[in-house]
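Residue strings, one per chain:
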Amino acid sequence: MISDNQLDWLKLALVPGLGPAQIQKLLTKFDGPGEVLSAPSSQLIDIGIKASCSKAIQNPVQERLNNAISWLDSSPTHHLLTIDDAAYPSLLKQIADPPAVLFIIGDPSIISQLQLAVVGSRNPTSQGRENAYQFAHFLAKTGLVITSGLALGIDGAGHEGALDADGKTVAVIGNGPDRVYPARHRQLAHRIASNGAIVSEFPPGTKPLPGHFPRRNRLI
């Protein structure tokens, strides 16, 4: 069951049209998400929030909220990590627009461990794929967490190399945590969730739209 503070963060993160940069702007004016949610629309508009967003802040979309809470409650391996949580990665806080919340399947502590990203083409040569696998396999054995995006090609090879070395790996995805994309990586996603973490800033039900992947990449 999520805490009241997590619920406030979740409500704020699920406001349609309100991105991470705007949430950060709000938090320079208000002391936490609870104050933002209780602020009058006029005050929100005065600091540059669109009228439609200010209205949505005060009237959360209950269906989206219920879906997210149901997903979190559906398994003990499902977690919500908020930006004010001590377990939120310190380096991630330093980017220009860190996500207010992260939806995680697996072990949340993994995402704060020392990591190396292995990413690349979805259509690599056989040698390129083998190189990625072997690099990830070797580095995972040294204790590095291998992080990638669960995509076909190099990403998948990196995850597989780490897992086959009995190492840890993190998959950052561009869709909701209740979906596996691409579908052929369903079994790989299950392995990652059991030996690392799957991470998304997108709430359950979010489709893997093209515009989501640059946002995914900045987290990697």
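As a starting point, this report considers the structure included with it. Quick caveat, the model's predicted, so the values are computed rather than measured.

**Regarding the pairing of strand S1 (residues 78-82)**
Counting buried positions along S1 yields four of five residues, so the element is predominantly enclosed. Examined bridge by bridge, S1 and strand S2 (residues 101-106) share five bridges and lie antiparallel to one another. Counted as the bridge partner of histidine 78 is isoleucine 105 from S2.

**Considering the layout of surface pockets**
Volume-wise, the largest pocket comes out at about 450 Å³. Together, 20 residues line the largest pocket, and Pro89, Leu91, Ile111, Gln115 and Leu219 are the ones closest to its centre. Every element with two or more residues in the lining of the largest pocket is listed here: strand S3 (115-117), strand S5 (169-172) and helix H10 (212-219). Top element by residues in the lining of the largest pocket is S3. It accounts for three residues. Of the residues assigned to the lining of the largest pocket, the class counts are 14 nonpolar, five polar and one charged. Size it by volume and the second largest pocket reaches roughly 340 Å³. Broken down by secondary-structure element, the contributors of at least two residues to the lining of the second largest pocket are helix H2 (20-27), S2 and H10. When the residues that make up the lining of the second largest pocket are grouped by side-chain class, the tally is 13 nonpolar, four polar and three charged.

**Comments concerning the nonpolar core**
In this structure, Leu10, Leu26, Ile57 and Leu102 are the most contacted members of the largest nonpolar core, which totals 50 residues. Apart from the residues lying within four places of it in its own chain, the contact partners of leucine 10 are Ile2, Leu65, Ala68, Ile69, Leu72, Leu80, Val101 and Phe103. Counting twelve residues, the second largest nonpolar core, distinct from the first, contains Val118, Leu144, Ile154 and Ala162.

**A short note on the side chain of histidine 78**
By the secondary structure assignment, histidine 78 is in strand S1. Using a relative accessible area of 16% as the deciding quantity, one classes histidine 78 as buried. Looking at histidine 78, its side chain comes within polar contact range of the side chain of serine 74, at 3.2 Å. The residues contacting histidine 78, other than those within four sequence positions of it, are Trp71, Leu72, Ile104 and Ile105.

**A few points about the pairing of strand S4 (residues 145-148)**
Of the two faces of S4, both are covered, the one formed by Val145 and Thr147 as well as the one formed by Ile146 and Ser148. With three bridges connecting them, S3 and S4 associate as parallel partners. Bridge pairing in S4 links leucine 116 to isoleucine 146. The handedness of the S3 to S4 crossover, carried by helix H7 (residues 126-141), is right-handed. Two strands pair when backbone bridges link them, and S4 and S5 are joined in this way by three bridges, in the parallel orientation. Its bridge partner being in S5, serine 148 is matched across the sheet by alanine 171. In the classification by handedness, the crossover that spans S4, the intervening helix H8 (residues 154-164) and the parallel S5 is right-handed.

**Details of the pattern of salt bridges**
The tally for this structure, following the rule as stated, stands at five salt bridges. Glutamate 160 serves as the salt-bridge partner of arginine 129, at 3.0 Å between the closest nitrogen and oxygen. Residue arginine 129 is found in helix H7, and its partner glutamate 160 is found in helix H8; the two are separated by 31 residues along the sequence. Of the residues examined, glutamate 160 reaches a relative accessible area of 22% and is grouped as partly exposed. Measuring nitrogen to oxygen at the nearest pair gives 2.9 Å for the salt bridge that ties arginine 191 to aspartate 164. Note that arginine 191 is positioned in helix H9 (residues 186-194) and aspartate 164 in helix H8, a separation of 27 residues in sequence. Overall, arginine 191 belongs to the partly exposed group, its relative accessible area being 30%. Among the ionic contacts, a cluster of salt bridges with common partners joins Asp97, Glu201, Arg215 and Arg218.

Parameters at a glance
Residues numbered from 1 in each chain as written. Predicted model: local features only at pLDDT ≥ 70, side-chain atom pairs only at ≥ 80, totals over all residues. Heavy atoms only, no water. Buried < 20%, exposed > 50% of the residue type's maximum accessible area, 1.4 Å probe, protein only. Helix = DSSP H or I, 4+ residues; strand = E, 2+ residues; numbered from the N terminus. Pairing = 2+ DSSP bridges. 1 Å grid on protein atoms, 1.4 Å probe; cavity = no way out; pocket = protein on both sides within 12 Å on 5 of 7 lines; lining within 4 Å. Points joined across faces, edges and corners; volume = space filled by probe spheres on them. Nonpolar A, V, L, I, M, F, W, Y, C, P; charged D, E, K, R; others polar. Core = buried A, V, L, I, M, F, W, Y, C linked by side-chain atoms within 4.5 Å. Contact = heavy atoms within 4.5 Å. Polar contact = N/O pair within 3.5 Å; in protein donor to acceptor, adjacent residues only side chain to side chain. Right-handed = clockwise from strand over helix to strand, strands pointing away. Salt bridge = Lys/Arg side-chain N within 4 Å of Asp/Glu carboxyl O.

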